[in-house]
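Close look at the chain arrangement
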Amino acid sequence: MEVREHDIYPSRSGFQPELGKFLKTVDSIRYEFVPPRFIKHIHHLHYYQYRGNIIYGNLPATPLLNSSYDASFIAGILQLRYIYSMPVERIIKFFGESGFEISKSTAHGLIKKTAWLFDSLEQALGEAVRQDEYLHMDESYYTVLEKGGKSSTEKASRKVYIWAALACHLRLVHFFYENGSRARKVLTQYIKPDYRGAIQTDGLGDYKILETNIHTPCVWHAFSIVNESSLTLKKTRMPEKS
């Protein structure tokens, strides 16, 4: 958060600080909201004929080829659409009230094209992670809303799973999702048979089928199992005869 400090002195007519006695300073806080600010950058490309060639400067890079919208603008639309679940129509209205007019088709086009970029990035990230020689893997569940009036579970929501692979050396993490499935085929399709690195996981049985040189257990899960076993033994131990 940006912080600005202001010194406020008595406004009495003719007041001279040097003639008075300073007592104390009391801080009073006010919060200000600044609506989104749009900046139009006009780049003047200067062309030159130089040593038999025509040369000119390079425009700043944008995520989409020949687009007038930079990464910050596209990120703003995606944040409102997917993080805060605002419909495109409401985003357009919000931008308009903040001083920027954008058509519905343009907004939808930016979202669609950026989704394609994210798909390519996600694939490249997964390939990079699988190049690491030491992976940590896990899967976890969360609840999603069902689509349509009727669902397979006859409920408004259901439990699904998302998988994660952490590349220890590259310090990259890849989350992958296959329609919420926890099936073994999700794992075997992700880790190819030619992978020969080490993989550290919890005790899920499906991890044991991985064709890898080294498969190590999670230390924390192992500790939890030993600790729970110890507590169980203490509860079930017969009292000694007096």
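Everything below is about the structure shown above.
First things first, this report covers the structure right here in the doc. (Residues numbered from 1 in each chain as written. Predicted model: local features only at pLDDT ≥ 70, side-chain atom pairs only at ≥ 80, totals over all residues. Heavy atoms only, no water.)

**Concerning the overall build of the protein**
- A tally of regular secondary structure across the protein gives 5 helices and 7 strands.
- Counting from the amino terminus, helix and strand elements in the protein follow one another as β-β-α-α-α-β-β-β-α-β-β-α.
- Buried residues in the protein amount to 21% of all 242 residues.
- At a minimum sequence separation of 6, the contacts of the protein that also span at least 24 residues come to 43%.
- Summing over all exposed atoms, the protein offers an accessible surface of approximately 20500 Å²; the carbon and sulfur share of this is 55%. (Helix = DSSP H or I, 4+ residues; strand = E, 2+ residues; numbered from the N terminus. Buried < 20%, exposed > 50% of the residue type's maximum accessible area, 1.4 Å probe, protein only. Contact = heavy atoms within 4.5 Å. Areas by Shrake-Rupley, 256 points an atom, 1.4 Å probe, with all protein chains shown as cover.)

**Brief notes about helix α2 (residues 88–97)**
- Those residues of α2 lying buried are Val88, Ile91, Ile92 and Phe95. The buried residues of α2 occupy an angular sector of 100° when the element is viewed end-on, so they sit on one face. The outward face of α2, more than 90 degrees from its buried face, is lined by the exposed residues Arg90, Lys93 and Glu97.
- Lining the buried residues of α2 we find α1 (71–83) and α3 (104–129).
- At the C-terminal side of α2, Gly99 shows a positive phi close to 105°. (Arc of directions from axis to C-beta.)

**Considering the packing of aromatic side chains**
- Taken as a whole and judged by the stated rule, the model has 12 aromatic pairs.
- Through successive ring pairs, a cluster of aromatic residues spans Phe38, Tyr69, Phe73, Phe94, Phe95 and Phe100.
- Between the NZ or CZ atom of Arg81 and the centre of the ring of Tyr82, over which it lies, the distance is 5.5 Å.
- Lying across the ring of Tyr141, Lys159 places its NZ or CZ 4.8 Å from the centre. (Phe/Tyr/Trp six-rings, centres within 6.5 Å; stacked < 30°, edge-to-face > 60°. Lys NZ or Arg CZ within 6 Å of the ring centre and 35° of its normal.)

**Points about the environment of Gly99**
- When you line up the elements, Gly99 lands in the loop between α2 and α3.
- By relative accessible area, Gly99 is classed as exposed at 65%.
- It is 9.5 Å that separates the C-alpha atoms of Gly99 and Pro35, two residues lying 64 residues apart in sequence.

**Some thoughts on a nonpolar patch on the surface**
- Residues Leu45, Tyr47, Ile54, Tyr56 and Leu59 make up a contiguous nonpolar surface patch of about 550 Å² in total accessible area.
- As for its position among the elements, Leu45 is in the segment before β1 (47–50).
- Accessibility expressed as a relative area gives 34% for Leu45, which makes it partly exposed. (Patch = residues over 30% accessible without salt bridge, like charges linked within 9 Å, V, L, I, M, F, W, Y side chains within 5 Å. Salt bridge = Lys/Arg side-chain N within 4 Å of Asp/Glu carboxyl O.)

**What about the environment of Ile55?**
- Along the chain, Ile55 falls in strand β2 (residues 53–56).
- Those residues in contact with Ile55 that lie beyond four places of it in its chain are His46, Tyr47, Tyr48 and Tyr50.

**Focus on unusual backbone geometry**
- The backbone phi angle of Arg51 is positive, close to 50°, even though this residue is not glycine.
- Its relative accessible area of 74% is what places Arg51 among the exposed residues.

**Re the pairing of strand β3 (residues 134–145)**
- For β3 and strand β6 (residues 198–201), the ladder comprises 3 bridges, and the chain directions are parallel. Of the residues in β6, the one forming a bridge with Tyr134 is Ala198.
- As defined by bridge partners, β3 adjoins strand β4 (residues 157–167) across 11 bridges and the pair is classed as antiparallel. Note on β4: the bridge partner recorded for Glu139 is Trp163. (Pairing = 2+ DSSP bridges.)

**Re the pattern of salt bridges**
- Inspection of the entire model under this criterion finds 3 salt bridges.
- Between Glu2 and Arg4 there is a salt bridge whose closest N-O contact spans 2.7 Å. No difference in accessibility class separates Glu2 from Arg4, as the two residues are exposed.
- Close ionic contact of Arg182 with Glu139 constitutes a salt bridge, the shortest N to O distance being 2.8 Å. With Arg182 in the loop between β5 (172–176) and α4 (184–190) and Glu139 in strand β3, this pair connects stretches of sequence that are 43 residues apart.
- Of the residues examined, Arg182 reaches a relative accessible area of 35% and is grouped as partly exposed.

**Quick notes on the packing of α1 against α2**
- At a minimum axis separation of 10 Å, α1 and α2 run at an interaxial angle of 130°. When the axis of α1 is compared with that of α2, the two are oblique. Considering the relative orientation of α1 and α2, their crossing is right-handed. In contact with Phe73, Ile77, Leu80 and Arg81 of α1, α2 contributes Val88, Ile91, Phe94 and Phe95.
- Considering only residue class, the contact of α1 with α2 consists of 7 nonpolar, no polar and 1 charged. (Axes fitted to C-alpha atoms, helices over the stretch in contact; angles between N-to-C directions. Parallel < 35°, antiparallel > 145°, perpendicular 65-115°, else oblique. Left-handed = near helix turned anticlockwise from the far one by under 90°. Nonpolar A, V, L, I, M, F, W, Y, C, P; charged D, E, K, R; others polar.)

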